[in-house]
Amino acid sequence: MLGDKIDIKSLDLIFNRMVKTIDESKSDIFTISEQSRQTFEEMKIELEEVREKIADVITENDILETKTKFARGRLAEVSKNFQTYSEAEIHKAYDQANQLQIRHSVVQAEEKQLREKRDDLERRMRNLLDTIEKANHLVNQVNVVLNYLTFDLKHVGPALENAKMKEDFTIKIIEATEDERKRISREIHDGPAQMLANVLLRTDLINRTYQERGVEKALQEILQLKDMVRDALHEVRRIIYDLRPMALDDLGIIPTLKKYLSSVEEYNKGTTIHFQSMGEQRRMGTNYEVAIFRLVQECVNNAIKHGKALEVWVKFEWLEEHANITIKDNGVGFDTNIVKKNSFGLIGMRERVELLSGEMEMISEINHGTRIIFKIPLNHEQKN
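Described in the following lines is the structure provided in the data block. (Residues numbered from 1 in each chain as written. Predicted model: local features only at pLDDT ≥ 70, side-chain atom pairs only at ≥ 80, totals over all residues. Heavy atoms only, no water.)

## Let's talk about the overall build of the protein chain
Test applied: The helix count covers DSSP runs of H or I at least four residues long, the strand count covers runs of E at least two residues long, and both are numbered beginning at the N terminus. Any residue under 20% of the maximum accessible area for its type is buried, any over 50% is exposed, and the rest in between are partly exposed; the area is computed with a 1.4 Å probe on protein chains only. Any two residues having at least one pair of non-hydrogen atoms within 4.5 Å are treated as being in contact. The Shrake-Rupley method, run with a 1.4 Å probe sphere, supplies the accessible areas, and residue values consider only the shown protein chains as cover.
Helix and strand counts for the protein chain stand at nine helices and five strands. Scanning the protein chain from its N terminus toward the C terminus, one meets helices and strands in the order α-α-α-α-α-α-β-α-β-β-α-α-β-β. Counting over 384 residues, the protein chain shows a buried share of 38%. Across the protein chain, the fraction of contacts at a sequence separation of at least 24, relative to all contacts at a separation of at least 6, is 74%. Approximately 23800 Å² of the protein chain is accessible, and the part contributed by carbon and sulfur atoms is 53%.

Dropping the structure here:
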């Protein structure tokens, strides 16, 4: 069985069906996410209206409380000196105190109902946020899988000449996919999801602060809330950028790499990344720019994560017929003969380079760092 030749057409058919099914599932998840988001926005508007009503009711309640206290004082004075006041004045004082008391009770009941409605809306919105978060999480996971399948596995079929190789490759794909899912899930859970949960809790705190300690303290809480929202937005943008840097389509490979490497340096304190672009920059086809970005991303991540490098140098040289990309680090290095046999990441990089009709050279020694050089041709078919 292991020696049998694989039916490539059948493999491609299975592959295409799998991609189609995953893509359809992504559309369904996206629809759920958008519907939940629309409902969330509607509830957000309703919640804002309820909060405004609560503020109005609180103001009216405070005014009524003052008036009721005054009316009671007036009634007590009239009752105490009833000989001095006429019967009409006594009735008037009593009616005013009674009406204010009734109105005060009605307003208090209305405030209670509004607060219960607000709490119910906030609880439902938290549930919707959880649904949206999970849906977006799943969409991101599916995008990772689709990207991996379409860019990394599309041309693997011809290379799988026996069932053993196919089995090993499949296991590695599952492991890589699960690792990516765990990483994205952990980043979202520990970052934006936690921050958004804190934002919801903070809104209640602001409301209580406003009632108990006044406007100035509430404004201080709002400023802190603004910082929390800004941090959450920063985290979301970073995660989205890691999944697919949109700047790649608009600005090209060099500005995108600069931004990415700056972000990596920011999130890895103690590591310095040097970037240099030499020669006249050119735009390439989208697939080529994405592939080159992923190559640099993989090398830099390996240098920091596995190589424990404190300094990384990335140099991009634009020549007439090709581009040279060099990634060098001062990390712990490794035995290239051992890594060549077992590194799935290295296999993936080599296949990316082959799809670009390029060349890859890797030099590494234990305790002497690593240097990887990519030579990518710049022919007319690659340019926009």
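## Quick word on the packing of aromatic side chains
Formally: Planes of paired rings set the category: under 30 degrees apart is stacked, over 60 is edge-to-face and the rest tilted, where pairs are Phe, Tyr or Trp rings (Trp by its six-membered ring) whose centres lie within 6.5 Å. Placement of a charge over a ring requires the Lys NZ or Arg CZ to be within 6 Å of the ring centre, with the centre-to-atom vector within 35 degrees of the ring normal.
The tally for this structure, following the rule as stated, stands at two aromatic pairs. Seen in terms of ring centroids, Y260 and F293 are 5.1 Å apart; in terms of plane orientation they differ by 65 degrees. Their pairing is edge-to-face. With Y260 in helix α6 (residues 253-267) and F293 in helix α7 (residues 286-305), this residue pair connects regions lying 33 residues apart in the sequence. We classify Y260 as buried; its relative accessible area is 3%. Seen in terms of ring centroids, F316 and W318 are 4.8 Å apart; in terms of plane orientation they differ by 25 degrees. Their pairing is stacked. A single burial state applies to F316 and to W318, both of which are buried. A cation over an aromatic ring shows up here: K328 above the ring of W313, its NZ or CZ 5.2 Å from the ring centre.

## Describing the pattern of salt bridges
Note the cut-off: Any carboxyl oxygen of Asp or Glu within 4 Å of a side-chain nitrogen of Lys or Arg constitutes a salt bridge here.
Throughout the structure, instances matching the rule amount to nine salt bridges. A salt bridge links E34 to R37; the shortest N-O distance between them is 3.6 Å. Of the two residues, E34 and R37 are both situated in helix α1 (residues 8-80); the distance of three residues between them amounts to about one turn of the helix. Owing to a relative accessible area of 33%, E34 belongs among the partly exposed residues under this scheme. Its relative accessible area of 31% is what places R37 among the partly exposed residues.

## Re the environment of N207
Mapped onto the secondary structure, N207 falls in helix α3 (residues 163-213). On a C-alpha basis, the gap between N207 and R51 in space is 9.1 Å, while along the polypeptide they are 156 residues apart. The residues contacting N207, other than those within four sequence positions of it, are R115 and R118.

## Description of a nonpolar patch on the surface
The following threshold applies: Note that patches include only residues with greater than 30% relative accessible area and no salt bridge, and the join distances are 9 Å for like charges and 5 Å for nonpolar side chains (Val, Leu, Ile, Met, Phe, Trp, Tyr).
Taken together, the side chains of Y210, V215, L219 and I222 define a hydrophobic patch exposed on the protein surface, amounting to about 360 Å² of accessible area. No other element matches helix α4 (residues 215-243), which puts three residues into the nonpolar patch. Looking at V215, the relative accessible area reads 48%, which means it is partly exposed.

## Brief notes about the sheet that holds strand β5 (residues 370-377)
To be explicit about the condition: When DSSP finds two or more bridges between two strands, those strands count as paired. Axes here mean lines fitted to C-alpha atoms, for a helix over just the part in contact, with angles spanning 0 to 180 degrees between N-to-C directions.
Read across the sheet, five strands follow the order β1-β2-β3-β5-β4 without closing on themselves; strand pairing throughout is mixed. Because the sheet does not close on itself, it has two edges, and the strands there are β1 (272-278) and β4 (359-364). In this sheet, adjacent strand axes meet at a mean angle of 10 degrees when their direction is disregarded. Here seven bridges tie β1 to strand β2 (residues 311-318), and the two strands are oriented parallel to one another.

## Regarding the side chain of E289
Checked against the element boundaries, E289 lands in helix α7. Not counting residues within four places of it along the chain, the set of residues in contact with E289 comprises L248, G252, I253, R283 and M284.

## Observations concerning the pairing of β2
How we decide: Handedness of a crossover is defined as follows: with both strands directed away from the viewer, a clockwise route from the first strand across the helix to the second makes it right-handed.
Every second residue of β2 is oriented toward a common face, the buried set being V312, V314, F316 and W318 and the non-buried set E311, W313, K315 and E317. Between the parallel elements β1 and β2, the chain passes through α7 in a crossover that is left-handed. A loop of three residues connects β2 with strand β3 (residues 322-329), the two strands running antiparallel in sequence.

## Observations concerning α6
Let me state the cut-off plainly: By this rule, a helix spans an expected 1.5 Å times one less than how many residues it contains.
Its 15 residues place the ends of α6 21 Å apart at the C-alpha level, agreeing with the 21 Å of an ideal helix rising 1.5 Å per residue. Buried within α6 are the following residues: I253, I254, T256, L257, Y260, L261, S263 and V264.

## Some words on a negative patch on the surface
The following threshold applies: Two residue types count as positive, namely Lys and Arg, and two as negative, namely Asp and Glu; His and chain ends fall outside the count. Every charge is mapped to an atom, namely NZ of Lys, CZ of Arg, CG of Asp or CD of Glu.
A cluster of acidic residues, E48, E49, E52 and D56, forms a negative patch at the surface. Along the polypeptide, E49 turns up in helix α1. On the basis of relative accessibility, which here comes to 43%, the residue E49 falls in the partly exposed class.

## Thoughts on the side chain of T271
Take T271: it is sitting in the loop between α6 and β1. Its relative accessible area of 9% is what places T271 among the buried residues. In contact with T271, not counting residues within four places along its chain, are E265, I304, A309 and L310.

## Regarding the environment of R115
Among the structural elements, R115 can be located in helix α2 (residues 87-153). Measuring from C-alpha to C-alpha, the distance between R115 and V50 comes to 8.2 Å, with 65 residues separating the pair along the chain. Each residue touching R115, except ones within four places of it in the same chain, is listed here: I54, I58, N207 and Q211.

## Structural notes on the packing of α6 against α7
Note the cut-off: Here is the rule for angles: anything less than 35 degrees is roughly parallel, anything more than 145 is roughly antiparallel, 65 through 115 is roughly perpendicular, and the remaining ranges are oblique. In this scheme the handedness of a crossing depends on how the near helix is turned from the far one: anticlockwise by less than a right angle means left-handed, clockwise means right-handed. Side-chain classes are defined by residue name, with Ala, Val, Leu, Ile, Met, Phe, Trp, Tyr, Cys and Pro counting as nonpolar, Asp, Glu, Lys and Arg as charged, and the others, Gly among them, as polar.
It is at 11 Å that the axes of α6 and α7 come closest, and there the two elements cross at 20 degrees. With respect to α7, the element α6 is oriented roughly parallel. Here α6 and α7 pass one another in a crossing that is right-handed. Contacts between α6 and α7 involve I253, T256, L257, Y260, L261 and V264 on the former and, on the latter, E289, I292, F293, V296, Q297, V300, N301 and I304. Class assignment for the residues of the contact of α6 with α7 results in ten nonpolar, three polar and one charged.

Interpretation note: all reported values are geometric properties and have no functional meaning in isolation.
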